[in-house]
Amino acid sequence: MTKPSRVVIIGAGIVGASLADELTDRGWTDVTVVDQGPLFATGGSSSHAPGLVFQTNGSKTMTEFATYTVRKLSDLTLDGQWCFRQVGGLEVATTEERWADLKRKHGLATSWGVEGVLLSAEECAARHPLLEASKVLGGLYVPTDGLAKPVRAVEAQARRAIERGARFLGGHTVVGIAQEDGRVTGVQTDQGLIACDIAVCAAGFWGPRIGEMVGLTIPLLPLAHQYAKTGQVASLVGVTDPALEAGSPILRHQDHDLYYREHGDRIGIGYYGHRPMPVRIDEVLSSAEAPVMPSVLPFTEEDFEQAWEQSVALLPSLAETKVEEGMNGIFSFTPDGAPLMGEHRELAGFWVAEAVWVTHSAGVARAMAEWLVEGRPRTDVHECDLHRFEQVQLAPDYIAERGRQNFVEVYDIIHPLQPMERPRPLRTSPFYARQQELGAFFLEGAGWERPYWYDANAGLLDSVEVPGRDAWSARYWSPIAAAEAKATRERVAMYDMTPLTRFEVTGRGALDFLQRMTTNNLAKSVGSVTYTLMLDHDGGIRSDLTVARLGESVFQVGANGPLDEDWMRRHLPADGSVQIRDITAGTCCIGLWGPLARTLVQPLTTADLSHTGFKYFRAKSAYIGEVPVTAMRLSYVGELGWEIYTGADTGLKLWDTLWAAGQEHGVIAAGRSAFNSLRLEKGYRAWGTDMTTEHDPYESGLGFAVRMDKGDFVGRAALEGRSAETAGRRLTCLTLDDPASVVMGKEPVFAAGDPAGYVTSASFGYSIGRTIAYAWLPSAVSVPGTAVTIEYFGEHLPATVAEEPLFDPQMEHIRR
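Residues numbered from 1 in each chain as written. Predicted model: local features only at pLDDT ≥ 70, side-chain atom pairs only at ≥ 80, totals over all residues. Heavy atoms only, no water.

Caption draft 1: Quick look at the overall build of the chain. Each helix and strand in the chain was counted, giving 19 helices and 42 strands. Expressed as lengths along the three principal axes of its C-alpha atoms, the size of the chain is roughly 85 × 65 × 50 Å. For the chain, with 816 residues in total, the buried portion stands at 61%. When contacts within the chain are restricted to residue pairs at least 6 apart in sequence, long-range pairs at least 24 apart make up 72% of them. Accessible surface, the chain as shown: approximately 30100 Å² in total, 49% of it carbon and sulfur. Side-chain charges in the chain split into 74 positive and 103 negative, and the spacing between the mean points of these groups amounts to 5 Å. (Helix = DSSP H or I, 4+ residues; strand = E, 2+ residues; numbered from the N terminus. Buried < 20%, exposed > 50% of the residue type's maximum accessible area, 1.4 Å probe, protein only. Contact = heavy atoms within 4.5 Å. Areas by Shrake-Rupley, 256 points an atom, 1.4 Å probe, with all protein chains shown as cover. Lys, Arg positive; Asp, Glu negative; His and termini not counted. Charge placed at Lys NZ, Arg CZ, Asp CG, Glu CD.)

Caption draft 2: Looking closely at the sheet that holds strand β16 (residues 221-230). Judged by pairing direction, the sheet is mixed, and its nine strands sit side by side in the order β8-β9-β7-β17-β18-β19-β16-β21-β20 without closing on themselves. At either end of the open sheet lies a strand with only one pairing partner, and these are β8 (117-120) and β20 (296-297). Where strand β18 (residues 258-263) lies against strand β19 (residues 266-271), six bridges are found, and the strand directions are antiparallel. Note that in β19 the partner of Leu258 across the bridge is Tyr271. Sheet strands in contact with helix α8 (residues 305-314) are β16, β17 (250-253), β18, β19 and β21 (323-333), and its direction is about 65° off that of β18. (Pairing = 2+ DSSP bridges. Axes fitted to C-alpha atoms, helices over the stretch in contact; angles between N-to-C directions.)

Caption draft 3: Region of the structure containing the nonpolar core. Ranked by internal contacts, the top residues of the largest apolar core, which has 47 residues, are Ile9, Leu23, Phe168, Val200, Met341 and Met368. Going through the elements one at a time, β1 (7-10), α1 (14-25), β2 (31-34), α3 (60-74), α6 (150-163), β15 (198-201), β23 (350-354) and α9 (361-374) are the ones with two or more residues in this core. Look past the residues within four positions of Met341 in its chain and what remains in contact with it is Phe65, Val352, Val364, Ala367, Met368, Trp371, Val381, Cys384, Asp385 and Leu386. (Core = buried A, V, L, I, M, F, W, Y, C linked by side-chain atoms within 4.5 Å.)

Caption draft 4: Structural context of the packing of aromatic side chains. Evaluated as defined, the whole model comprises 30 aromatic pairs. Residues Trp112 and Tyr758 carry aromatic rings whose centres are separated by 5.1 Å and whose planes lie at 75° to one another, so their mutual orientation is edge-to-face. Residue Trp112 is found in the loop between α4 (96-111) and β8, and its partner Tyr758 is found in strand β39 (residues 754-765); the two are separated by 646 residues along the sequence. In this structure, Trp112 and Tyr758 share a single accessibility class: buried. (Phe/Tyr/Trp six-rings, centres within 6.5 Å; stacked < 30°, edge-to-face > 60°.)

Caption draft 5: Layout of α1. In this model α1 runs 16 Å from its N-terminal to its C-terminal C-alpha over 12 residues, within 8% of the 16 Å that 1.5 Å per residue would give. Most of α1 is tucked away, with 11 of its 12 residues classed as buried. After α1 finishes, the residue Gly27 shows a positive phi value of roughly 95°. (Expected span 1.5 Å × (residues − 1).)

Caption draft 6: Up close: a negative patch on the surface. A grouping of Glu301, Glu302, Glu305 and Glu309 is seen on the molecular surface, where their side chains present a negatively charged patch. Among the secondary structure elements, Glu309 is positioned in helix α8. (Patch = residues over 30% accessible without salt bridge, like charges linked within 9 Å, V, L, I, M, F, W, Y side chains within 5 Å. Salt bridge = Lys/Arg side-chain N within 4 Å of Asp/Glu carboxyl O.)

Caption draft 7: Expanded view of the sheet that holds strand β10 (residues 146-148). Pairing is antiparallel in the open sheet, where three strands are placed in the order β3-β10-β6. The two strands at the open ends of the sheet, each matched to only one other strand, are β3 (52-53) and β6 (84-85). Strand direction decides the pairing type here: β6 and β10, joined by two bridges, are antiparallel. Counted as the bridge partner of Arg85 is Leu147 from β10.

Caption draft 8: Quick look at the pattern of salt bridges. Here the structure, examined in full by the defined rule, presents 48 salt bridges. Close ionic contact of Arg98 with Asp255 constitutes a salt bridge, the shortest N to O distance being 3.0 Å. Here Asp255 lies in the loop between β17 and β18 and Arg98 lies in helix α4, a separation of 157 residues in the sequence. For the pair Arg98 and Asp255, one class covers both residues: buried. Here Asp656 ties to Arg434 by a salt bridge, and the two come within 2.7 Å at their closest N and O atoms. Of this pair, Asp656 sits in helix α17 (residues 651-662) while Arg434 is found in helix α11 (residues 432-437), placing the two residues 222 residues apart along the sequence. The class of Asp656 is partly exposed, set by a relative accessible area of 28%. A residue is classified by how much of its surface remains accessible, and Arg434, at 22% relative accessible area, is partly exposed.

Caption draft 9: Here's a closer look at the packing of helix α13 (residues 480-490) against helix α18 (residues 672-681). Two elements in contact, α13 and α18, have axes separated by 8 Å at closest approach and are oriented at 55°. As far as their axial angle goes, α18 and α13 are oblique. The two elements α13 and α18 meet at a crossing, and its hand is right-handed. Seen from α13, the contacting residues are Ala481, Glu484, Ala485, Thr488 and Arg489; seen from α18, they are Ser673, Ala674, Leu678 and Glu681. When its residues are assigned to classes, the contact of α13 with α18 shows four nonpolar, two polar and three charged. (Parallel < 35°, antiparallel > 145°, perpendicular 65-115°, else oblique. Left-handed = near helix turned anticlockwise from the far one by under 90°. Nonpolar A, V, L, I, M, F, W, Y, C, P; charged D, E, K, R; others polar.)

These figures capture arrangement, not role.
Next up, the structure:
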């Protein structure tokens, strides 16, 4: 047996080496890193990666990973040679659509704290002399973007880890993971067993093979991506010191799926515009067999023809040369484009850090090290969590289809509401056929078809006045949403709430378990419903839940997704006194809301639905017609009504019963577009958008859901001494001053001319006649009446901090 180790990292590429560096820097020095290839050019994706790092991303988390990677690698050298050079990053637009998107992207950079500037075509050409200015409308320049030397950075970080006590072993192929009693006990290699407590899979596109050894699906697809180098470009000869490699910024030409970097007096060209080229792991050659390295496949010239034509058009100097070498390099794509991070739920000590590009490598490694050493990453990683996918999203065909499509869309302009196109439909509620009959416009989330509005309601447009929208905000939107919101406020509407995740928590220990896991007091009578939070151990919000006590030891939990189940299961008592069951697929739900909701449903049931007979935040079992239901008097839209649950088998009957009874009352089916507007008018938060683990309840305006006097719960100790008064920042309600102005979310907010925060959720408030935006702002700015601006596509829109909620602050509508 090889010398034991506390941690074994599988993969000595950029992620494995960075993780070893981060762990040993935190005092975990008993670390072994193994790789099947030679050190330190192991033959994986890191070994051929061209090293371009553009930091700005639509995801705050991914941007933070990138900015940390830039900071860390910039401070590294290997034998006096640089590991990262901040040559700047330039993204150019050759279409009006792309130019508008770069303005939006500049806003994202500002929101996430990345310095950037929009340039004219002439300024772009001055930054990158090979550019043909007449082809360009403008560009986004980020001075801290730049070039990484991946293999050099791997070795530099590995050396630091080795100096602290880590071992790196090349030529060690992992053939199994030893385990006992549900825990990792070692990593079996072809050179022997390395005993360990923790194994981290950072094997890149080989990750799924390692996952199979422990019965874990690692949902990534290896794909080949083209990269070519030209011959000598005359205008570059002698311009840059060969040791520096580049004097001009790295360059993106996303309108044609291209990127560029200098290699001295040659140009490197990367291309995403070719057909997707999935790679079977079992067909990848070993280091000994591969002509270059395992991750490099032969260059297919025919796939590069259009790339060359467009490159010569943008960079005319290339016409004097040609492509002299190229490769099809393998790297990883996941179903949603984000990395895979986290611990195996069924095998303690087996961790995953997969599908990570060089751009985010050090940031991911730091978060993983924090997770291992401190128990949680300081950056919110819910978008990257291994367990974020629904079961249907782990099907091999789904992983392959989405991986291919994500490759195609790498440089596409993606709207924040834009759904995947395939495979659809995947998950549908029992009401799907009726929704189609009513002309539902469906978007997709977690595999579910979700109606956003219904064409059947177009006849109601005469009753509303809706300001026009710009082309971007008008996508995946219809003024019909305004009519549906109005009908909800004035009459009654049916909302499909089926896609919201539901768990059943049962057993003699269920109450104690939920009390321990959440912030509010759940020790109430049967029939109570409670809004509560789940926190991590540092007081950050992991989720918000609605918990209904349906029996002494039976609870229905309305949750946000698979991560909530994962967190709960990790904290289950070992004595078997608590059981958790996901009941989402077997149940369905209609939100029946509006001032006429009681008038519609009371004749259909013998249950007393009066305000005194069925109070707010209560639940009861009943029959609606022939349909057995559980009704909960809740409202996410701020109107009288109920969430009405039944089995999937009786769901269609429930819909038809309510629909028929509602005709005389003007009932409509309403979609999520109206729903989102109505919930913002009431100030209701959406976890994952408005607040995450980076925010505590008091900052988020959710202190009312915390009962510090109920006894201990996860995160309670961290909240000691905190309050709304001590919060240094707040989730803040803003209204835009101009009723015609619209924002979408993630835009930067400026106070006194300086960046002060960013928008989380936004929607037009049809009841109040202007756009509502929630934003994270310093407490000093979060004062009603304070004037701010929101940058939207380069334009600063005046807005004002407002008291919340904006609609029905006395709760009279809900408590009718």
